[in-house]
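# Structure assessment
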Amino acid sequence: VQLQASGGGLAQPGGSLRLSCAASGRIFSITAMGWHRQAPGKQRELVATIFSGGSINYADSVKGRFTISRDNAKNTVYLLMNSLKPEDTAVYYCHADYYTDPEVGRYWGQGTLVTVSS
């Protein structure tokens, strides 16, 4: 599976950005997709996950502000980020979890930088 992330950039506090992550390859094996982020000097943290069955999880820090969604026809997952805060500044990484009996694992896309600053 290959993951191509896009959509990062500069936003003002209170603004919005939308990230996209397009999957290609053995997409039938994907069980979940989502986003992590890593701010300078901090550990990578999980932001949001959408599972193949449709359930969704969010980190407490982004609940009510971020929305993860998917377009199955385009094999793409989106992260709409509203009400951005400076503390949302980070490199955002798309991931895809897969299961191909008996193997399980996670693929990573390249990071996309989100900067929230006035």
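I will try to describe carefully the structure that is included in this document.

What counts and how
Residues numbered from 1 in each chain as written. Predicted model: local features only at pLDDT ≥ 70, side-chain atom pairs only at ≥ 80, totals over all residues. Heavy atoms only, no water. Core = buried A, V, L, I, M, F, W, Y, C linked by side-chain atoms within 4.5 Å. Buried < 20%, exposed > 50% of the residue type's maximum accessible area, 1.4 Å probe, protein only. Helix = DSSP H or I, 4+ residues; strand = E, 2+ residues; numbered from the N terminus. Pairing = 2+ DSSP bridges. Axes fitted to C-alpha atoms, helices over the stretch in contact; angles between N-to-C directions. Salt bridge = Lys/Arg side-chain N within 4 Å of Asp/Glu carboxyl O.

Right, let's get into the nonpolar core. Judged by nonpolar contacts, the single largest core of 29 residues is most densely connected at M33, W35, L79, M81 and Y92. Only strand 1 (2-6), strand 3 (17-24), strand 4 (30-38), strand 5 (45-51), strand 7 (66-71), strand 8 (76-81), strand 9 (90-100) and strand 11 (112-116) provide two or more residues apiece to this core.

Spatially, the four strands line up as an open sheet ordered 1-3-8-7, and their pairing is antiparallel. Two strands in the sheet have a free side with no partner beyond their single neighbour: strand 1 and strand 7. Ignoring strand direction, the axes of neighbouring strands in this sheet form an average angle of 15°. Relative to strand 3, strand 1 is paired through five bridges, and the arrangement is antiparallel.

In terms of backbone geometry, most residues other than glycine have negative phi values and most peptide bonds are trans. Look at the link from D101 to P102: it is a cis peptide, with omega at 5°. Within the secondary structure layout, P102 lies in the loop between strand 9 and strand 10 (103-108). Phi is positive for N75, which is not a glycine, with a value near 50°. Along the chain, N75 turns up in the loop between strand 7 and strand 8. For N75, a relative accessible area of 29% corresponds to the partly exposed category. We note that S83 has phi near 50°; this positive angle belongs to a residue other than glycine. On the secondary structure map, S83 appears in the loop between strand 8 and strand 9.

A few words now on the pattern of salt bridges. All told, the structure shown has five salt bridges when counted by the stated rule. Between R65 and D88 there is a salt bridge, with the nearest N and O atoms lying 2.7 Å from each other. With R65 in the loop between strand 6 (56-58) and strand 7 and D88 in the loop between strand 8 and strand 9, this pair connects stretches of sequence that are 23 residues apart. Given the relative accessible area of 11%, R65 is considered buried. The structure contains a network of salt bridges with shared partners spanning R37, E45, R65 and D88.

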